[in-house]
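Structural overview
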Amino acid sequence: GIDLMIVGIRKAEGGIRSAHYKTCFSPSDKPYGCDYYRPLFWYTRDDEREYEEIFGVTHSDCYVVWGMVRTGCVGCPFNKNLFKDLEIIQTYEPQIYKAATTIFKDSYEYTRMYREFVEEMKSRN
């Protein structure tokens, strides 16, 4: 019975967000589908900083100490910075690293092989 999804996506984040979405609201194209509302869509980086100051937001060490740019599910094999982030996780969170490399072992190998293939194809052109 859900008819509205509220998602925290900002256009200023870039990537697919800036290309795919043009506004903060997307109506469903299905009769009983779900509309999407993105209340933070128009917030700029300055808005984000102001909010952080007003409410005293403390960021994870992932960002402020370890230097990660963006996080999602830990060790996600679809992360474009996967192997760099795995090195960071191995250094700061060895138990999480061990779990991720056990769970995603095959996926990491496929990702590595795919990226090598892509580089090989680029070098042929």
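Residues numbered from 1 in each chain as written. Predicted model: local features only at pLDDT ≥ 70, side-chain atom pairs only at ≥ 80, totals over all residues. Heavy atoms only, no water.

1. Quick look at the packing of helix H4 (residues 82-92) against helix H6 (residues 105-124)
Defined as follows: Axis angles are defined between N-to-C directions and span 0 to 180 degrees, where every axis is a line fitted to C-alpha atoms and, for a helix, only to the segment in contact. Only DSSP runs of H or I reaching four residues or more are called helices, and only runs of E reaching two or more are called strands; each is numbered from the N terminus. Here is the rule for angles: anything less than 35 degrees is roughly parallel, anything more than 145 is roughly antiparallel, 65 through 115 is roughly perpendicular, and the remaining ranges are oblique. Contacts are assigned to residue pairs with any non-hydrogen atoms lying within 4.5 Å of each other.
Across the interface, H4 lies against H6 with an axial gap of 11 Å and an inter-helix angle of 140°. Judged on the interaxial angle alone, H6 and H4 are oblique. On H6, the residues that touch Leu 82, Phe 83 and Leu 86 of H4 are Tyr 108, Thr 111, Arg 112 and Arg 115.

2. Notes on the sheet that holds strand S2 (residues 25-26)
The criterion, for reference: Following DSSP output, two strands are said to pair if at least two bridges run between them.
Strand order in the open sheet made by the 3 strands is S1-S3-S2, with mixed pairing throughout. Single-partner strands in this sheet number two, and they are strand S1 (4-6) and S2. As judged from the 3 bridges shared by S1 and strand S3 (residues 35-37), these two strands associate in the parallel manner. In the sheet register, Met 5 faces S3, and the bridge partner there is Tyr 36.

3. Focus on the pattern of salt bridges
This is how the line gets drawn: Any Lys or Arg side-chain nitrogen located within 4 Å of an Asp or Glu carboxyl oxygen qualifies as a salt bridge. For the exposure calls, accessible area comes from a 1.4 Å probe over protein chains only, and a residue counts as buried if that area is under 20% of its type's maximum, exposed if over 50%, partly exposed in between.
The full count for this structure, using the stated rule, is 7 salt bridges. We note a salt bridge from Arg 45 to Glu 52, for which the minimum N-O separation is 3.9 Å. A residue is classified by how much of its surface remains accessible, and Arg 45, at 37% relative accessible area, is partly exposed. For Lys 122, the salt bridge goes to Glu 119, with nearest N and O atoms at 3.6 Å. Taken as a pair, Lys 122 and Glu 119 lie in helix H6 at a separation of 3 residues, close to a single helical turn. Among the residues examined, Lys 122 registers a relative accessible area of 53% and is labelled exposed. Taking relative accessible area as the criterion, Glu 119 reaches 46% and is therefore assigned partly exposed. Where salt bridges share partners, they join Arg 10, Arg 45, Glu 48 and Glu 52 into one cluster.

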